[in-house]
Amino acid sequence: MALATERPQSERNTATEPEVEASSLKLANGSRVVVVGGGPAGSFFSYFLLDLAEMMDLSLQVDVYEPRDYTRPGPASCNTCGGIVSESLVQILATEGISLPESVVQRGLDSYVLHTAGNSAVHIKTPLKEKRIAAVHRGAGPRGIKEVKWRSFDGYLQELTVAKGANVIRKRVQKVAWNGGRPQIETKDGQVESYDLLAAAVGVNTGALKAFEGLGLSYKPPKVTRTYISEFLLGHEMVEKHLGNAMHVFLFDMPRLKFSALIPKGDYVTLCLLGKDIDGELVREFLAAPEVRRCFPPDWEAPQDFCHCSPRINIEGAIEPFADRVVFVGDCGVSRLYKDGIGAAYRTAKAAAVTSVFEGISAKDFRQHFWPACQKLENDNKVGGLVFMATRLVQKLGPARNGVVRMVSGEQEKESSKRRMSGVLWDTFTGSAPYRDILARSMHPAVLSSLAWNIVAGLLPFTKKNKRGDEHGT
Amino acid sequence: MSMARSALGKWYEDGEAIVNQGDVGDCMFVIEQGEVEVVQRSGENGVRLAVLGEGEFFGEMAVFDRDVRSATVRALGKVQVMTVDRVTFLRRISEDPSLAFRIIKKMSGRIRDLNNELTGLKSKTRE
């Protein structure tokens, strides 16, 4: 085994007390790396690890263990997600040389429509009028799909890693332990392999994290909440006609509901609900709202049986998502609050790959070079909590809600307008900018004064705009 | 990397200018599909500096030096281009400097090409 230095320590590993110097654990030619989980985080890690290693003339063996078959529709390939690749991630991937092909992107989104109870819908376009948000299916398609027209997003990323030289092994890892100071995995069918570095990318929606308990790490999994996602088949023509290339966001004052959106895909529309104890009753109440009904064909009724799930999402990151020779990337480590989980997977996976190639693979290396990227996300999530608190306040308070709608409508009327509120909402709903940036922009005196004016003007019965019809409705 | 047809970005028609020489730029561009020509005005004439294809980028100089666009870039046939915002790009580079490796590699290639052209021109002048 070509390894720079074997770790001289007992089987027990703790991330808090690394027993070796930072520089003593490094990947070398022939080092073996195992990636447990082949979703976006696992694929990004494998891809960039191999890419950077190649640049450094480092030859690595990377084995990705992922039991899912991304060519099979339904739960067999689904990674339970709304399926949005954010505007910022699409741009960054383009600069990384990763283009998302038409066979994967079911719809490029260029705008969003803001729906509020009692107000006309407001269609908000980006200044560039460019499709920079990708609506995808993480798997090969929802349960019950008749014809698979688009490829799985996760499957596409996995193909990229294979093209870089990774080996995908379609087996489930059921046990992880130490063997002579190196991580050792055992698959369900009894295959046992030892590696120099282990990257865990198992998300938070399977029982796979239990497999890592045998390592005795200081790692504590992230805190999670449940969201609700369902897929409705409308057909391409109807999706185009009723939803277009826009994400539809609803600011409703409904008990237990924090955020709701309809995302148009190819033949399907994806419903994403975020809130507390979302059940069938709340889903039916949401779908019955007139503003939601208008996004569907007039005679459409939700079928009795449709593909839906209640996946977990992170609300607080993991503790110590690293140790000597072990790193946790993506959702099982640290993610973004409510939005852009795939973007967070990219960031943490890239940070882990950069650290592994350029710095080392000890806990100290990960703490110094990988952990800051996670902390940045975590700190931004705290600001994100405030942003979503303000959003919920706007949802609840009629005058504030009407003021926001009025302000955004006014911005959209003027081509030359700076569209400050539109930008704030766009980034909040799409997850395209850090929350601290969104909060700073929303606190700009021009935004606050304009919002205050629009709230007051909205309360006056004879103000010009209050008498207008739906000029921006879809 | 060989790129498949993309569903994202913006389409430009043949001959349409994507950036104009002298304009202030706050973004760079990645070509998703098709080709562009890079033309620099020199007096009355325009000199074609390069033809760029899928996966290549342009407009990065204005992102780094905040100067005006040094050349005009036009679509050669129908072309699909992704705009990369300056703030998004620089913010990400500050977090992950390795993102700049690809840009540096491409720019190094361009400097190498320019050196070769300059050497050729100087050789011709001596003759």
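This text follows the structure it describes.
Rules and cut-offs
The residue numbers shown here count from 1 along each chain, following its written sequence. Here the convention is simple: chains get letters from A, ligands get numbers from 1, in the order in which they are written. At least 70 in pLDDT is required for a residue's local features to be given in this predicted model, at least 80 for side-chain atom pairs to be given and counted, and no such filter applies to totals for whole chains, interfaces and linings, which use all residues. Starting at the N terminus, helices and strands are each numbered in turn, a helix being any DSSP run of H or I of at least four residues and a strand any DSSP run of E of at least two. Around each residue's C-beta, the other C-beta atoms within 10 Å are counted; 20 or more make the residue buried, 12 or fewer make it exposed, and counts in between make it partly exposed. All C-beta atoms are placed from the backbone. Two residues form a contact once the distance between their C-beta atoms, set from the backbone, is within 7 Å. Following DSSP output, two strands are said to pair if at least two bridges run between them. Joining buried Ala, Val, Leu, Ile, Met, Phe, Trp, Tyr and Cys residues through C-beta atoms within 7 Å gives a set, and that set is a nonpolar core.

(A) Representation of the overall build of chain A in the model. Scanning chain A for helices and strands turns up twelve helices and 20 strands. The dimensions of chain A, computed from C-alpha atoms along their principal axes, are 80 × 50 × 40 Å. Counting across all 474 residues of chain A, residues that qualify as buried make up 52%. Contacts in chain A between residues at least 24 apart in sequence constitute 74% of all its contacts with a sequence separation of at least 6.

(B) How the structure looks around the pairing of strand 5 (residues 111-116) of chain A. All names here are of chain A. Taking burial as the measure, the six residues of strand 5 include five buried ones, the bulk of the element. One ladder, built from four bridges, connects strand 5 with strand 6 (residues 122-125); its direction is antiparallel. Looking at the pairing, Y112 lines up with I124 of strand 6. Adjacent in sequence and paired antiparallel, strand 5 and strand 6 are bridged by five residues, among which G118 carries a positive phi angle near 85 degrees. Relative to strand 14 (residues 246-251), strand 5 runs parallel, the two sharing six bridges. Note that in strand 14 the partner of V113 across the bridge is H248.

(C) Looking closely at unusual backbone geometry. All names here are of chain A. If you check the backbone angles, D277 has positive phi at about 50 degrees while not being a glycine. Tracing the backbone shows D277 in the loop between strand 16 (268-275) and helix 5 (280-288). On the neighbour-count criterion, D277 (9 C-beta atoms within 10 Å) is exposed. One non-glycine residue, Y338, lies in the positive phi region at around 65 degrees. On the secondary structure map, Y338 appears in the loop between strand 20 (326-328) and helix 7 (341-359). Given 23 C-beta atoms within a 10 Å radius, Y338 is considered buried.

(D) Inspection of the nonpolar core at higher detail. Residues and elements named next belong to chain A. In this structure, V36, F45, L114 and A199 are the most contacted members of the largest nonpolar core, which totals 155 residues. Per-element accounting of this core gives the leading share, ten residues, to helix 7. In this structure L114 touches A121, V122, I124, V249, L251, V405, V408 and L425, once residues within four positions along its chain are discounted.

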